[in-house]
Amino acid sequence: MCSSDLANLGAQTLRLAKFVGPAGRVLAFEPTDFAFRKLRRNLALNPELASRVDAFHCFLTESDAASVPDAIYSSWPLVGGTNLHAKHLGHEMPTETASARSIDGVLAAYPDRRVQLVKLDVDGFECQVLRGAAALLRDVRPVFVMELAPYVLDERGASLEELLAFFIPNGYAFFTEQDERPLPSTAGELLRLIGDGASMNVIARVP
């Protein structure tokens, strides 16, 4: 089993590493220097799980030649602060040493592995990530666990319509994460369910 995880500090990475077992592999991606240092530290504290994880300090996007944003939200202070996002209250952290990579490009180095699960939570950069995952979506079609937040897609110059266009033509349907209740497959219906400034955790999979 191979799992792909947008990593941040590593809480989900470590859980996935435990789940895949000794024969499995987790590919963890984190672009901010702040969170990647913490991810590496958490892996070092869990050596029995760290051996199952390949950690990449990179920004996942459409190609390895793409530019990397100067900063990305990767910290959510518990006691407030300054320069926080107006809605989700995140704080941007620099990406000074991160490189740009595409999912398809990374996976070319793992020809003997089949991705079964992708945990995708990138605060509005979903469409950039998915542009670099055309082969994965077309040929492998793993399960995606992700957060749908239309307002942050809009902030990044993308849209819920664009995001759905990566999935629906490849046979995917959307379900609630909590009870796997079927969800609509059109942007208008999903927007009415989610609401402005809100998000919904969903599963995207091929029925």
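For clarity, every value in this text was computed on a predicted model and none was experimentally measured.

A few words on the packing of aromatic side chains. What characterises a pair of aromatic rings is the spacing of the ring centres plus the angle enclosed by the ring planes. In total, this model carries 6 aromatic pairs according to the counting rule given. When the centroid spacing of 5.1 Å and the interplanar angle of 85° are considered together, the rings of Phe-59 and Phe-125 count as edge-to-face. Taken together, the residues Phe-59 in strand E4 (residues 58-60) and Phe-125 in the loop between strand E8 (115-120) and helix H5 (126-131) connect sequence positions 66 residues apart. A single burial state applies to Phe-59 and to Phe-125, both of which are buried. On the basis of an interplanar angle of 80° and a centroid distance of 5.1 Å, the ring pair of Phe-167 and Tyr-172 is categorised as edge-to-face. In this structure Tyr-172 comes out as buried when scored by relative accessible area, which is 4%. Following the ring pairs from residue to residue traces out a cluster consisting of Phe-144, Phe-167, Tyr-172 and Phe-174.

On the secondary structure map, Gly-157 appears in the loop between helix H7 (150-155) and helix H8 (160-167). Overall, the relative accessible area of 66% leaves Gly-157 in the exposed class. Residues Gly-157 and Cys-127, 30 residues apart in the sequence, show an inter-C-alpha distance of 9.5 Å.

Take helix H9 (residues 187-194) next. Every buried residue of H9 is accounted for by Ala-187, Leu-190 and Ile-194. Here the buried residues of H9 occupy an arc of 65° about the axis, which is enough to place them on one side. Tucked into the core, H9 has its buried residues touching strand E9 (143-148), H7, H8 and strand E11 (200-205). Positive phi shows up at Gly-195, right after H9, with a value of about 85°.

Where H8 meets H9, the axes come as close as 10 Å, and the angle between the chain directions of the two elements is 120°. On the basis of their axis angle, the class for H8 and H9 is oblique. Of the two possible hands of crossing, H8 and H9 adopt the one that is right-handed. Two secondary-structure elements touch here, H8 through Leu-160, Glu-161 and Leu-164 and H9 through Ala-187, Leu-190 and Leu-191.

Turning to the pairing of E9, a few remarks are in order. Of all 6 residues in E9, 5 are buried, a share of seventy percent or more. Relative to E9, E8 runs parallel, the two sharing 4 bridges. Directly across from Leu-117, in E9, lies its bridge partner Val-143. As defined by bridge partners, E9 adjoins E11 across 5 bridges and the pair is classed as antiparallel. Bridging from a neighbouring strand, Val-145 pairs with Ile-203 of E11.

Cut-offs used in this document
Residues numbered from 1 in each chain as written. Predicted model: local features only at pLDDT ≥ 70, side-chain atom pairs only at ≥ 80, totals over all residues. Heavy atoms only, no water. Phe/Tyr/Trp six-rings, centres within 6.5 Å; stacked < 30°, edge-to-face > 60°. Helix = DSSP H or I, 4+ residues; strand = E, 2+ residues; numbered from the N terminus. Buried < 20%, exposed > 50% of the residue type's maximum accessible area, 1.4 Å probe, protein only. Arc of directions from axis to C-beta. Contact = heavy atoms within 4.5 Å. Axes fitted to C-alpha atoms, helices over the stretch in contact; angles between N-to-C directions. Parallel < 35°, antiparallel > 145°, perpendicular 65-115°, else oblique. Left-handed = near helix turned anticlockwise from the far one by under 90°. Pairing = 2+ DSSP bridges.

Everything listed here is a matter of coordinates, which is why it stays silent on function.
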